[in-house]
Amino acid sequence: MGNLKIAKGRDLQDAIRHVPYERVVNEVAACCMNAAYDLPCDVVDRVKDFLNSETSERAREFLRQYLENAEIATTERMPICQDTGFAVFFVEMGEMVKIDGGSIYAAITDGTAKGYQEGYLRKSIVKDPVFNRENTGDNTPPIIHLKLVPGNKINVVLAPKGGGSENMSQLRMLKPSDGKEGIIDFVVEVVTGAGGNPCPPTIVGVGIGGTFEKAAFLAKKSLLRDVGKPHNEPEYAELEKEILERINTSGVGPQGLGGDTTALAVHIEKFPCHIASLPVAVNLNCHAARHAGFEI
Amino acid sequence: MSNPVKLITPLNESTVRKLKAGDQVLLTGTIYTGRDAAHKRLCELIDSGKKLPVDLNGQAIYFVGPCPAKPGQPIGSAGPTSSYRMDAYSPTVIAETGLRAMIGKGARSREVVDAMKKHGCVYFAATGGAAALIARCIKSCQVVCYDDLGPEAIHRLEVENMPLIVAVDTDGNDLYHR
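Everything numeric in this text was worked out from a predicted model, so none of it was measured.

S.K.: I'm lost on the interface of chain A and chain B in this one. Help?
M.R.: A common way to state how big an interface is: give the accessible area lost once the parts meet. Each partner contributes residues to the interface: chain A has 37 residues there, and chain B has 37 residues. The closest approach of N and O atoms between Glu76(A) and Arg136(B), which form a salt bridge, is 2.8 Å. Where chain A touches chain B, the interface holds 15 residue pairs in polar contact (both at pLDDT 80 or more). Per-element tally for the side of chain A that touches chain B: the top contributor is helix H4 (residues 57-76) of chain A, with 10 residues. Among the residues forming the side of chain A that touches chain B, the class breakdown is 15 nonpolar, 15 polar and 7 charged.

S.K.: Mind showing me how you'd approach the layout of surface pockets here?
M.R.: If a probe the size of a water molecule is rolled over the atoms, the empty space left behind becomes visible. Computed from the structure, the largest pocket encloses a volume of approximately 1,300 Å³. Around the largest pocket sit 46 residues that line it, and Ser124(A), Val126(A), Arg133(A), Arg35(B) and Glu152(B) are the ones nearest its centre. Considering each element in turn, the lining of the largest pocket owes the most residues, 5 residues, to helix H2 (residues 36-47) of chain B. Classifying every residue of the lining of the largest pocket by side-chain character gives 15 nonpolar, 13 polar and 18 charged.

S.K.: For this particular structure, what's the right way to read the environment of Ala281(A)?
M.R.: All names here are of chain A. Residue placement: Ala-281 occurs in strand S9 (residues 278-285). Look at Ala-281 and you get buried, because its relative accessible area is 3%. Along the primary structure Ala-281 and Gln-255 are separated by 26 residues, whereas in three dimensions their C-alpha atoms are 23 Å apart. Not counting the four nearest positions on each side in its chain, Ala-281 is found in contact with Gln-170, Leu-171, Gly-205, Val-206, Gly-207, Ala-215, Ala-216 and Ala-219.

S.K.: Which parts of the structure should I look at to understand the side chain of Thr140(A)?
M.R.: Residue and element names in this part refer to chain A. Within the element layout of this structure, Thr-140 appears in the loop between helix H5 (104-118) and strand S4 (143-149). By relative accessible area, which is 12% here, Thr-140 ends up buried. For Thr-140, the side chain forms a polar contact with the side chain of Asp-138, separated by 2.6 Å. Residue contacts for Thr-140: discarding those within four places in its chain leaves Thr-109, Thr-112, Ala-113 and Ile-125.

S.K.: Help me out: how do you make sense of the sheet that holds S4(A) in this one?
M.R.: For sheets, the rule is that strands pair by backbone hydrogen bonds, running either parallel or antiparallel. All names here are of chain A. Taken together, the 4 strands give an open sheet; going across it, the order is S4-S2-S5-S10, and neighbouring strands pair in mixed fashion. Looking at strand neighbours, the two that pair on one side only are S4 and strand S10 (292-295), the edges of this open sheet. The mean inter-strand angle of the sheet, taken between neighbouring strand axes irrespective of direction, is 10°. Bridge count between strand S5 (residues 154-158) and S10: 4 bridges; the pairing is antiparallel. Paired with Val-156 across the two strands is Phe-294, which belongs to S10.

S.K.: Would you mind showing me how to read the domain arrangement of chain A here?
M.R.: Residues and elements named next belong to chain A. Each domain of chain A was delimited in the assignment, giving domain 1 (12-36 + 81-160) and domain 2 (163-289). The straight-line distance from the C-alpha centre of domain 1 to that of domain 2 is 27 Å. Taken together, the contact pairs 6 residues of domain 1 with 6 residues of domain 2. Buried surface at the junction of domain 1 and domain 2, summed over both partners, amounts to about 500 Å²; 74% is from carbon and sulfur atoms. By the criterion of area lost to domain 2, the three top residues of domain 1 are Asp-83, Phe-90 and His-145, representing 62% of everything that side buries. Where domain 1 meets domain 2, there are 0 salt bridges. Across the contact surface, domain 1 and domain 2 share 1 residue pair in polar contact (both at pLDDT 80 or more).

Basis of the calculations
- Residues numbered from 1 in each chain as written.
- Chains lettered and ligands numbered in written order.
- Predicted model: local features only at pLDDT ≥ 70, side-chain atom pairs only at ≥ 80, totals over all residues.
- Heavy atoms only, no water.
- Contact = heavy atoms within 4.5 Å.
- Salt bridge = Lys/Arg side-chain N within 4 Å of Asp/Glu carboxyl O.
- Polar contact = N/O pair within 3.5 Å; in protein donor to acceptor, adjacent residues only side chain to side chain.
- Helix = DSSP H or I, 4+ residues; strand = E, 2+ residues; numbered from the N terminus.
- Nonpolar A, V, L, I, M, F, W, Y, C, P; charged D, E, K, R; others polar.
- 1 Å grid on protein atoms, 1.4 Å probe; cavity = no way out; pocket = protein on both sides within 12 Å on 5 of 7 lines; lining within 4 Å.
- Points joined across faces, edges and corners; volume = space filled by probe spheres on them.
- Buried < 20%, exposed > 50% of the residue type's maximum accessible area, 1.4 Å probe, protein only.
- Pairing = 2+ DSSP bridges.
- Axes fitted to C-alpha atoms, helices over the stretch in contact; angles between N-to-C directions.
- Domains from an automatic or database assignment.
- Buried area = accessible area lost by both parts, 1.4 Å probe.

Listed below in structure tokens is the structure:
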């Protein structure tokens, strides 16, 4: 083990930070409400940018309605969209932190139920996908992506996901020979094929590489990025730009009723890949790219 | 763009047939909500020849599952859901009930548009994602039936000047397939 220092016994006990269960529950509940009511500033700014460049009057009216809607929602503490979504959490849990009184999964589940109840948010989850589509009544269970990290902090990001745009998302296992052009064609096909259903303008999350499920996860994770912030590698930033231009010349437009603003941004996340594979996942998000988070 | 057409429910066939795709409309009066689960139940009743729990003759259905109302408010946020999920049911509902209008978002199937043309029913688009703004037009909300479906229950809404666009008219002109 070389120089690696290992805390043992009492040292380890002393080093672990303790967080009360109720604190996590309350933070999660507040997060559910804030995410539903407050459209992030980066989205508002991006919509304003497109309002300036949009040439269709009908499309401009939709974009104006989104800005007015966001203003009402934040002021009156009411949801931006009635579909307050599946509660999807991205959690980074320090190795040296422990929740006293229950697991992180239980705390987030209880916090979700509390937030959706107290915030008058819609409960949109059914118990069984096929045989018993009975509403669970409290919007649980949430989806929790947990990652163990060094340190003693808990970092939580919630991205509630509506059904309309989620339903229009797709994954395809391309061949390596399909390359960049294959990726562009597939993403554009998904977005234009979706028409007005995902409430365009959308944010287009693209996960490239990894395995089947990794690509889907990357596509979802890319939606957490500030809207329109380019990928940090120039080749991918260029690819995002190229796909966005193709999408926005399609004419689908806001609500699928025509215009230049079909997507607000394309975000790519990538991962190393099997020699035989080129998985590409496209996860669409409506303009309500809601997210909220906290760190304890 | 031209001035919006003001419409008051219930709607008759001749009024609906005059509307043209692209017209802006302000809708006032009673409308009913319904999503997938409620449509499924309505169609099961129609198929078995039973009476429906709501009379849709001359009425409009809004495809919406609203948020719960906060105290003192008639309703929570209430924007449209994607209409294509009702495509399996709408032709039956249109043919069998005298429904005159549907309100939702996104394109409809050929079968739905054919039924609209034949029986005189119009499809309005509301702005998906503008749910807090739309809620301001809704003055009251009561559950009519299927309370067990939660947000998917059929509600009776009173709306005032609800802003809509004629997305598909009774001649089959369709803004989604330009």
